[in-house]
Amino acid sequence: MASYVTQISREDLEDLREAFNKIDIDNSGYVSDYELHELFKEVRFSLPGYKVREIMETFISGDTNKDEKISFEEFVSIYQELKSKQLSETFRKSITRKDGIRSFGGMSRKSSEGTQHSYSDEEKVAFVNWINKALAKDPDCQHLLPMNPDNESLFTSVRDGILLCKMINLSQPDTIDERVINTKKLTTFKMTENLVLALNSASAIGCTVVSIDAHDLMAGKPHLVLGLYWQIIKVGLFADIEISRNEGLIALLLDGEELEHLMSLSPEELLLRWVNYHLRNAGTKPITNFTEDIKDSRAYFYLLRQIAHEESKESKTSINIDLDGLNERNLERRAELMLQQAAKMDCRQFVTPRDVTNGILKLNLAFVANLFNMHSGLQGAQYNGGLEMAHIEPETHEEKIYRNWMNSLGVSPHVNHLYRDLCDGLVILQLYERVKVRVDWKKVTRPPYPLLGANMKKLENCNYAVELGRNVAHFSLVGIGGENINQGSSLHTLALLWQLMRRYTVMVLSQLGDGEKVGDQVILDWVNSTLTQKKKKTQITSFRDKLISTALPVIDLIDVIAPGTVKWDMVKMVEKKELDEEDKLNNAKYAISLARKIGARVYALPDDLVEVNPKMVMTVFACLMGHGLKKSVR
């Protein structure tokens, strides 16, 4: 099929994505032939069974993989063709689309260029403006900034990887040790290294990058670039919308509500709760979404005035928010007047007036999140019931690693709270599939759960998850039952997650080693023999060896696997005296980023090396072993 450009409204695309995700319960990214009929029902486009079969036959005839599976982009293509045909066979109607999704490619999967993909011009403009402002003063980005929002510069800007690395550090500071970013004499090899570093680092902060590689980014594929940028930006915007990191959020508790429920809310839900908290204080009606309910800008006007009022009580300066714009009848002009007020608070980001009046969810969510981060208006808020922050435990390093690991694999729903979001077993069952343990989804109850007996169904899912771990995956789950996962027991949940992560980490080693089971000793022996072959002196006796706290064994191993990668003037060596904690941490940051740069997908944090956390230390060496063995068999 010839490539073409067409239009589909942003709202329709969001509806299609929601429907697709509902049918694609295992989050594989595809629907099968028998699921396509249900998917058309979900999007209110009823087709007889024979018609669906005809569509599948046409699709499969151009599908070189012959796997009878349809991706979301391919479904959008099919849907658009059917809608266009439906319109052409009925009376012509005048339809005006103010927001556009650019689509390119055809239906067959003969090549990536032959597949239907879509991207939003509105998102492109929003991300360009955000990046231009955020990195305007970064000396390493001056050859790329400012980008022009009216052309394709966003897609070409990722080619050398520098901008992506910088954006990752902007969202999650210190994720990448910037000493390892190639910024001079950028050959294709050095740019590829930067892109590999960016992708592995994005994965480490919870972005899903399983379908993206450095070649895709170097080619500037629009839908992949936009998708990756949105994930990175979202991580940064949502980082502090969490109660243990922002105690003011306790003020959002409703009368009679338990703190546990408030803590279980997603960042999106907390943002909606935050907006309505200020709207109630402003004496105006609340909203229920960031699409239809914000199109007239009324909620935004009152939100801006209320947070400006709250912050003026805490500081000597005050910002006057003018509500005269509410009298403007033209909604787009009204939105512009509202954004002029937001600019007074340095928060005119992510949305244009048209993005507001069209109710584009993603961009309005980003606009509100940025507003919250800049001006929460909760500094002087009173806590309901006099709750103490001491009762709220912050997320541990280990919990953060597991959460980011799960999200990087594309589990659904997105894991915001490690224990609460796993209590129905669905995420754990998806993880089993990622580590090649077959799940019988006919035994699983999926949401929406029944009003009566909902927790019983969730418990049954958890029981099945533990059963799979014990009988199929052969995990050590002594004393662990489904009720432990269902009730959010940290000890038991972490024990199961560790074994899932360990299996995932060493899975590639088993594949390279003819299926043999890889134990800790096998990894340890490989590390020491590899170091010995190149006459490195940093031998380790176990994954608890105190020498690991210097990160030198990791750096030496990287030097053996990828000669020339290590810049030794960046490394603090052990000489007459031991390294202090600062030197150890600097070495660890350098080691972790180097590992990601050479292609090892490492989830551990630098602190895990400094503190010699044996579990996470093992994953670092296992990932390096996997990468080293792959290179040796090429």
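Right above here is the structure, for reference.
Rules used throughout
Residues numbered from 1 in each chain as written. Predicted model: local features only at pLDDT ≥ 70, side-chain atom pairs only at ≥ 80, totals over all residues. Heavy atoms only, no water. Helix = DSSP H or I, 4+ residues; strand = E, 2+ residues; numbered from the N terminus. Expected span 1.5 Å × (residues − 1). Buried < 20%, exposed > 50% of the residue type's maximum accessible area, 1.4 Å probe, protein only. Core = buried A, V, L, I, M, F, W, Y, C linked by side-chain atoms within 4.5 Å. Contact = heavy atoms within 4.5 Å. Salt bridge = Lys/Arg side-chain N within 4 Å of Asp/Glu carboxyl O.

Draft legend 1. Geometry of helix 16 (residues 361–374). With 14 residues, helix 16 should reach 20 Å at 1.5 Å per residue; the first-to-last C-alpha distance of 20 Å fits that figure. Of all 14 residues that make up helix 16, 11 are buried, and the element is covered over most of its length. Among the residues making up helix 16, those that are buried are Lys362, Leu363, Asn364, Leu365, Ala366, Phe367, Val368, Ala369, Asn370, Leu371 and Phe372.

Draft legend 2. Molecular detail of the nonpolar core. In terms of nonpolar packing, the biggest core is built from 183 residues, with Trp274, Tyr432 and Ile523 touching the most fellow members. Top element by residues in this core is helix 10 (residues 222–238). It accounts for 11 residues. Contacts of isoleucine 523, omitting those with residues within four sequence positions, involve Val506, Leu509, Val518, Phe543, Met618, Phe621, Ala622 and Met625. Ile23, Val31, Ile55 and Phe75 belong to the second-largest nonpolar core, a separate cluster that totals 22 residues.

Draft legend 3. Focus on the environment of proline 447. With respect to the element layout, proline 447 can be found in the loop between helix 18 (426–434) and helix 19 (454–471). The class of proline 447 is partly exposed, set by a relative accessible area of 44%. In the structure, proline 447 is positioned 10 residues away from lysine 457 in sequence and 9.7 Å away in space, judged by C-alpha atoms.

Draft legend 4. Structural context of the side chain of serine 201. Residue position: serine 201 is located in helix 8 (residues 188–204). A relative accessible area of 0% places serine 201 in the buried class.

Draft legend 5. Examining the pattern of salt bridges more closely. With the rule as written, the count across this model stands at 25 salt bridges. Taking the shortest distance from any N to any O, the salt bridge between glutamate 193 and lysine 597 comes out at 3.9 Å. Of this pair, glutamate 193 sits in helix 8 while lysine 597 is found in helix 24 (residues 581–597), placing the two residues 404 residues apart along the sequence. You can call glutamate 193 buried: its relative accessible area is 13%. On the accessibility criterion, lysine 597 (6% relative accessible area) is buried. Where arginine 420 meets glutamate 260, a salt bridge forms, and the shortest distance between an N and an O atom there is 3.1 Å. Taken as a pair, arginine 420 in the loop between helix 17 (397–408) and helix 18 and glutamate 260 in helix 11 (residues 259–263) lie far apart in primary sequence, 160 residues in all. According to the relative accessible area criterion, arginine 420 is partly exposed, its value standing at 27%.

Draft legend 6. Highlighting unusual backbone geometry. At the junction of leucine 145 and proline 146, the peptide bond is cis and its omega measures out at 0 degrees in the coordinates. Note that proline 146 resides in the loop between helix 5 (121–134) and helix 6 (153–156). Omega for the bond connecting proline 447 with proline 448 falls within 30 degrees of zero, at 5 degrees, which places this linkage in the cis form. With respect to the helices and strands, proline 448 occurs in the loop between helix 18 and helix 19. Phi at phenylalanine 350 is positive, roughly 80 degrees, even though this residue is not glycine. Position of phenylalanine 350 relative to the elements: it lies in the loop between helix 14 (331–344) and helix 15 (353–357). Looking at phenylalanine 350, the relative accessible area reads 4%, which means it is buried.

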